[in-house]
Amino acid sequence: MSALAVAMAITALPTEAEAQSRERQERIERDRGERAAARQERRAQRAERQQRTERRAQGERRRDRLKATESTGNNRVDIAQARRERRENVRERRADRRQDRRETQSRNRTYRAERNRTYVDPNRAERRAERIAERRRDARREARQDRRAERRQDARREARQDRRVERRQDARREARQDRRAERRQDGRREAREDRRIRRDAYRDGRRAERRRDRWEDRRIRRDAYRDGYREARRDHRRARYYDGRRWRDYDRWDHRRWRDNRRYDWYRHRYHNRDIFRLGRYYAPYRDYRYRRLNIGVQIGNLFFGSRYWINDPWRYRLPNVYGPYRWVRYYDDVLLVDVYNGEVVDVIYDFFW
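Each value, and the rule that gives it
- Residues numbered from 1 in each chain as written.
- Predicted model: local features only at pLDDT ≥ 70, side-chain atom pairs only at ≥ 80, totals over all residues.
- Heavy atoms only, no water.
- Helix = DSSP H or I, 4+ residues; strand = E, 2+ residues; numbered from the N terminus.
- Buried < 20%, exposed > 50% of the residue type's maximum accessible area, 1.4 Å probe, protein only.
- Areas by Shrake-Rupley, 256 points an atom, 1.4 Å probe, with all protein chains shown as cover.
- Salt bridge = Lys/Arg side-chain N within 4 Å of Asp/Glu carboxyl O.
- Pairing = 2+ DSSP bridges.
- Axes fitted to C-alpha atoms, helices over the stretch in contact; angles between N-to-C directions.
- 1 Å grid on protein atoms, 1.4 Å probe; cavity = no way out; pocket = protein on both sides within 12 Å on 5 of 7 lines; lining within 4 Å.
- Points joined across faces, edges and corners; volume = space filled by probe spheres on them.
- Nonpolar A, V, L, I, M, F, W, Y, C, P; charged D, E, K, R; others polar.
- Phe/Tyr/Trp six-rings, centres within 6.5 Å; stacked < 30°, edge-to-face > 60°.
- Lys NZ or Arg CZ within 6 Å of the ring centre and 35° of its normal.
- Lys, Arg positive; Asp, Glu negative; His and termini not counted.
- Polar contact = N/O pair within 3.5 Å; in protein donor to acceptor, adjacent residues only side chain to side chain.
- Contact = heavy atoms within 4.5 Å.

Asker: Sorry if this is basic, but what is going on with the overall build of the protein here?
Answerer: Within the protein, the regular secondary structure consists of 4 helices and 5 strands. Order of helices (α) and strands (β) in the protein, N terminus to C terminus: α-α-α-β-β-α-β-β-β. Within the span of the protein, comprising 354 residues, buried residues form 25% of the whole. Only carbon and sulfur atoms are counted for the fraction: they give 46% of the accessible area of the protein, which is about 26,600 Å².

This is the structure we're talking about:
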């Protein structure tokens, strides 16, 4: 019986070993098929992820091109919209990565639940590196976009500030120009008004002066004719004598003889009495008239020897008294002895007044 048992055990061992080897072979083949299916599934998932990444990259490039071509894409609304789109893309990528992790975990759990508990996905590190690189790229892209948006905002802010400063400067410049123009207009208006006032005053004064001079000239002629001329005729008759051949005139004015008399030393008298010879400004009877040096024998107009130019007290200046039609007259700083009948200059002293 023992021999039979041993024989049976010996015959059973190869059968059991064969069954175990056959079962192991089947398990190995099954594991190979599962690994091949898993590899195919991972390749399909990788291809799908790559396609999604390419589609996202194409969409981002398209959006960048649209942003570059659109001039109105630089405002705050477009920037906020771009940020929302980036956040949505990031959420989608995170959801995809979570889905990949779930699939990987479920696949690992399936492998662990199965016989091959020591199975490890050889592409796990590669996928993790891809996810890390993708996150870094996304972070760099978002940082670049944020910096660009900030630079655009800073540039727009600086441009607005520059425009405000330029507008203020232009407003101040225009205000200065307006004030200058107003001052010029006021100055021109005041100058015109002053010229008109002076012109009217001069015209009115000249008219009154002419009327007064004409009236005074008529009075002088009338009085001279009534008094002076008659007296001169009487003096002339008394001063004449007959030398046997013709009548001679004693009273003809001699412009040299009176200067030899020391009583009429007006030069020394002026030296000791300077204030008397300082009469002030001389106003000519004509507006545009200028000083001209007059000599003896020249005839002048009646306005130059009017009563306002007479020297009524010749002795005050140590000048000899005159008679008949003669009058001492001021002419600028000179003194003229004028025959008021015909306007002839009988005698002259230059630079008499100061």
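This is not the end of the story, as more comes after the structure.
Asker: Just to check I follow, could you spell out the pattern of salt bridges for this structure?
Answerer: Oppositely charged side chains are able to pair whenever their charged atoms sit close together. Inspection of the entire model under this criterion finds 16 salt bridges. One salt bridge in this structure joins Asp-146 and Arg-86, with 3.3 Å as the shortest N-O distance. Of this pair, Asp-146 sits in helix H3 (residues 124–239) while Arg-86 is found in helix H2 (residues 76–113), placing the two residues 60 residues apart along the sequence. Under the relative-accessibility criterion, Asp-146 is labelled partly exposed at 27%. The exposure class assigned to Arg-86 is buried, which follows from its relative accessible area of 15%. Residues joined by salt bridges that share partners form a network here, namely Glu-48, Arg-52, Arg-56, Asp-96 and Glu-134.

Asker: Is there a simple way to explain the sheet that holds strand S5 (residues 344–349) in this structure?
Answerer: Note on sheets: strands pair through backbone hydrogen bonds, and any given pair is parallel or antiparallel. Taken in spatial order, the 3 strands line up as S3-S4-S5 in an open sheet, and their pairing is antiparallel. Edge positions in the sheet fall to strand S3 (326–331) and S5, since each of these pairs with one other strand and no more. Ignoring strand direction, the axes of neighbouring strands in this sheet form an average angle of 30°. In this structure, strand S4 (residues 334–339) lies alongside S5, joined through 5 bridges in antiparallel fashion. Note that in S5 the partner of Leu-336 across the bridge is Val-348.

Asker: Looking at this structure, I do not really get unusual backbone geometry. What am I missing?
Answerer: Most peptide bonds are trans, and most residues other than glycine sit at a negative phi. With a phi angle near 60°, Arg-318 is a residue other than glycine that sits in the positive phi range. Within the secondary structure, Arg-318 sits in the loop between helix H4 (266–272) and S3. For Arg-318, a relative accessible area of 23% puts it in the partly exposed group. Unlike most non-glycine residues, Asp-351 shows phi in positive territory, near 55°. Looking at the secondary structure, you find Asp-351 in the segment after S5.

Asker: When you look at empty space enclosed by the protein in this model, what are you seeing that I'm missing?
Answerer: The gaps of empty space that remain are located by a probe, the size of a water molecule, rolled over the atoms. Counted under the stated rule, the structure contains 2 cavities of 30 Å³ or more. Lining the largest cavity are 13 residues, with Glu-60, Arg-63, Arg-86, Asn-89 and Gln-145 sitting closest to its centre. Elements supplying a minimum of two residues to the lining of the largest cavity: helix H1 (2–69), H2 and H3. It is H2 that provides the largest number of residues to the lining of the largest cavity, a total of 6 residues. Partitioned by chemical class, the residues of the lining of the largest cavity number 2 nonpolar, 2 polar and 9 charged.

Asker: Looking at this structure, how should I read the packing of aromatic side chains?
Answerer: Two measures describe an aromatic ring pair: the distance that separates the ring centres and the angle between the ring planes. In the structure shown here, the tally under the stated rule is 20 aromatic pairs. Ring pairs connect the aromatic residues Tyr-282, Tyr-286, Tyr-289, Tyr-291, Phe-304, Tyr-309, Tyr-331 and Tyr-332, which therefore count as one cluster. Over the ring of Trp-354 we find Arg-270, and its NZ or CZ is 4.8 Å from the ring centre. Over the face of the ring belonging to Tyr-350 we find Arg-293, whose NZ or CZ atom lies 3.6 Å from the ring centre.

Asker: How should the pairing of S4 be read in this particular structure?
Answerer: Two faces make up the sheet, and in a regular strand the side chains alternate between them. Most of S4 is tucked away: 6 of the 6 residues are buried. The alternating pattern of S4 places Asp-334, Leu-336 and Val-338 and Val-335, Leu-337 and Asp-339 on opposite faces, both of which are buried. Alignment of S3 against S4, held across 6 bridges, turns out to be antiparallel. Of the residues in S4, the one forming a bridge with Arg-327 is Val-338. Between S3 and S4, which pair antiparallel and follow one another directly, the connecting turn spans 2 residues, one of which, Tyr-332, has a positive phi of 55°.

Asker: Can you walk me through the side chain of Asp-334 in this structure?
Answerer: Summarising the element assignment, Asp-334 is placed in strand S4. Buried charge without a salt bridge: Asp-334, with Arg-293 as the nearest opposite-charge side chain at an N-O distance of 5.8 Å. A polar contact is formed between the side chain of Asp-334 and the side chain of Tyr-291, at a distance of 2.6 Å. At a separation of 2.9 Å, a polar atom in the side chain of Asp-334 contacts the main-chain amide nitrogen of Asp-351. Filtering out sequence-adjacent residues up to four positions away, Asp-334 remains in contact with Tyr-291, Val-329, Ile-349, Tyr-350, Asp-351, Phe-352 and Phe-353.

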